[in-house]
Amino acid sequence: MYVNGKFVPENQPVISVFDHGFLYGDGVFEGIRAYNGRVFKLREHVDRLFDSAKAIDLDIGMSKEAMEEAILETLRKNNFKDAYIRPIVSRGNGDLGLDPLKCDKANVFIVAKTMSSLYDTMELKAITVGVRRNAPDALSPNIKSLNYLNNILAKIEANAKGGQEAIFLDHNGFVAEGSGDNIFIIKNGVVYTPPTINNLKGITRATAIELLEKNKIPTRVENISLFDVYTADEIFVTGTAAEAAAVVWVDGRTIGAGKTGPVTALMLKEFEKITSTTGTEIYTAKKAPARAA
Ligand code: PMP
């Protein structure tokens, strides 16, 4: 595991109780995957990490190139070809007060683990949860912050009601996203996904739109209601950890034929193809020139 420029065994304690990420969720993170020796969309994830940090006025203290190299080196140290990678940047160590001015400099951690599928099944049951997605004018869902309590509350509710995934609504009652993935519905051959005001600008979401367009499947970004969800022909969710998974049941309603539909199946095939053939090579990438942190 990478900790502030050093590599240490992952079971070694590295974090202070005064770390503001630990105390207050004051920090940002990413979830990235490597497939077959390549990191999928590395630059896009690093860009989003830096954008999240910018939005909370957090100076990561290193360049994007140095971050990319630290991610690749973490994978090399573990001899991983397939892995889930978690860069975490907290505000740093402060005192017990809220004031970020008390935090000297950011703490940067990078953890990598092997991971297969997120869910036991690729045909999920989903529950629309009562807890609303964080409002964008309170804590924007565009920020991938260390404060995931909103998402965890959704997951608790979905678990309690027998769903593997939660569907969040926004404060206007439109569909926002899942607890850890973006949502797509298909009706009469057209794919719909909500705009990214009330959800994370998913990198898998963008990839899915690209793949659908490549296959000449009409894709529209517009608000989706629960009526649209219940009456959809197919639904799928996308995320780095979730990859692409069909949702076949929502709140007691069977979606379409109750199994992975043709558009979702095509997406899965295309997604597997793109993740196994593109990305930043872990073992042949040149080292970035050393930079002052
Ligand atoms: N929404 C939320 C809340 C998430 O945590 C994730 C996972 N990062 C996503 C959507 C999907 O984003 P991505 O495809 O970039 O992993």
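Residues numbered from 1 in each chain as written. Predicted model: local features only at pLDDT ≥ 70, side-chain atom pairs only at ≥ 80, totals over all residues. Heavy atoms only, no water.

Worth spelling out the cut-off: UniProt positions are given in the numbering used here, feature names are shortened, and annotations may be inferred rather than shown by experiment.
The protein chain is annotated in an unreviewed UniProt entry as Branched-chain-amino-acid aminotransferase of Methanimicrococcus blatticola. One UniProt comment on the protein chain, placed under Cofactor (unreviewed entry), says "pyridoxal 5'-phosphate". If you open the UniProt record of the protein chain and go to Sequence similarities (unreviewed entry), you find "Belongs to the class-IV pyridoxal-phosphate-dependent aminotransferase family."

## Regarding the domain arrangement of the protein chain
How we decide: The source of the domain bounds is an automatic or database domain assignment. Residue contacts follow a heavy-atom distance rule, with two residues in contact if any of their heavy atoms lie within 4.5 Å. By buried area we mean the combined loss of accessible area, with a 1.4 Å probe, across both parts when two parts are placed together. Salt bridges are defined as contacts in which a side-chain nitrogen from Lys or Arg sits within 4 Å of a carboxyl oxygen from Asp or Glu. Pairs of N or O atoms are called polar contacts if they sit within 3.5 Å, as long as, within protein, a hydrogen donor faces a hydrogen acceptor (for residues adjacent in sequence, only side-chain-to-side-chain pairs). Only DSSP runs of H or I with at least four residues qualify as helices, and only runs of E with at least two residues qualify as strands; both kinds are numbered from the N terminus onward.
On domain assignment, one finds that the protein chain holds domain 1 (2–113) and domain 2 (123–277). Domain 1 and domain 2 are separated by 26 Å when their C-alpha centres are compared. Taken together, the 26 residues of domain 1 in the interface contact 21 residues of domain 2. For the pair domain 1 and domain 2, the summed buried area comes to about 1800 Å², and 63% of that belongs to carbon and sulfur atoms. At the surface where domain 1 touches domain 2, the tally comes to 1 salt bridge. For the pair domain 1 and domain 2, the number of links is 8 residue pairs in polar contact (both at pLDDT 80 or more). Breaking the side of domain 1 that touches domain 2 down by element, the ones donating at least two residues are α1 (20–24), β3 (27–29), β4 (32–35), α2 (42–55) and β6 (83–90). With 5 residues, the single largest contributor to the side of domain 1 that touches domain 2 is α2.

## Focus on helix α4 (residues 149–160)
Applied cut-off: Expected helix span is given by 1.5 Å per residue-to-residue step, counting one fewer step than there are residues. Each residue's exposure class comes from its accessible area (1.4 Å probe, protein chains only) as a fraction of the maximum for that residue type: buried when under 20%, exposed when over 50%, partly exposed otherwise. By construction, the arc corresponds to the directions joining the helix axis to the C-beta atoms.
With 12 residues, α4 extends 16 Å from end C-alpha to end C-alpha; this agrees with the ideal 16 Å at 1.5 Å per step. Of all the residues in α4, the buried ones are Asn150, Asn151, Ala154, Glu157 and Ala158. End-on, the buried residues of α4 take up no more than an arc of 125°, which puts them together on one face. With respect to the buried face of α4, the exposed residues turned more than 90 degrees away are Leu149 and Ala160. Positive phi appears at Gly162, one or two residues downstream of α4, with a value of about 80°.

## Thoughts on the pattern of salt bridges
Per the stated rule, a full pass over the model turns up 17 salt bridges. A salt bridge links Arg76 to Glu69; the shortest N-O distance between them is 3.0 Å. Taking the relative accessible area as the measure of exposure, Arg76 reaches 16% and is therefore buried. Judged by relative accessible area, which is 12%, Glu69 ranks as buried. With a closest N to O distance of 3.0 Å, Glu157 and Lys161 form a salt bridge. On the basis of relative accessible area, Lys161 is assigned to the partly exposed category, the value being 48%. One salt-bridge network, held together by shared partners, links Glu69, Glu73, Arg76 and Lys77.

## A word on the site of the ligand
As a reminder of what qualifies: Whether a residue is near a molecule or strand depends on its heavy atoms: if one lies within 4 Å, it is near. Working definition of accessibility: Shrake-Rupley area with a 1.4 Å probe, residue cover restricted to the visible protein chains. The classification used treats Ala, Val, Leu, Ile, Met, Phe, Trp, Tyr, Cys and Pro as nonpolar, Asp, Glu, Lys and Arg as charged, and all other residues, Gly among them, as polar.
Around the ligand, the surrounding shell holds 17 residues, and the nearest of these are Tyr148, Glu177, Ile203, Thr204 and Thr240. The side chain of Lys144 places a nitrogen or oxygen atom 2.8 Å from a nitrogen atom of the ligand. Ile203 has a polar backbone atom sitting 2.7 Å from an oxygen atom of the ligand. For the ligand, whose free accessible area comes to 390 Å², the fraction covered by protein is 95%. Secondary-structure elements contributing two or more residues to the shell around the ligand are α5 (203–214) and β14 (234–239). A breakdown of the residues in the shell around the ligand according to their chemical character gives 3 nonpolar, 9 polar and 5 charged.

## With respect to the packing of aromatic side chains
The geometry of an aromatic ring pair is captured by two quantities: the separation of the ring centres and the angle between the planes. Heads up, the rule is: Any pair of Phe, Tyr and Trp rings, taking the six-membered ring for Trp, is counted once the centres come within 6.5 Å. Such a pair is stacked with planes under 30 degrees apart, edge-to-face with planes over 60 apart, and tilted for the rest. Either the NZ atom of lysine or the CZ atom of arginine qualifies as a charge over a ring when it sits within 6 Å of the ring centre and within 35 degrees of the ring normal.
This model, assessed by the stated rule, comprises 5 aromatic pairs. Between Tyr2 and Phe7, the aromatic rings sit 5.5 Å apart at their centres with planes inclined by 75°, giving edge-to-face as the arrangement. For Tyr2, a relative accessible area of 9% corresponds to the buried category. Classification of Phe7 by relative accessible area gives partly exposed; the value is 31%. Geometrically, the ring pair formed by Phe40 and Phe271 is edge-to-face, given 6.0 Å between the ring centres and 85° between the ring planes. Linking Phe40 in the loop between β5 (38–39) and α2 with Phe271 in helix α7 (residues 262–277), this pair joins segments that are 231 residues apart in sequence. Neither Phe40 nor Phe271 differs from the other in exposure class; each is buried. Cation over ring: Lys77 sits above Phe7, and NZ or CZ is 5.1 Å from the ring centre.

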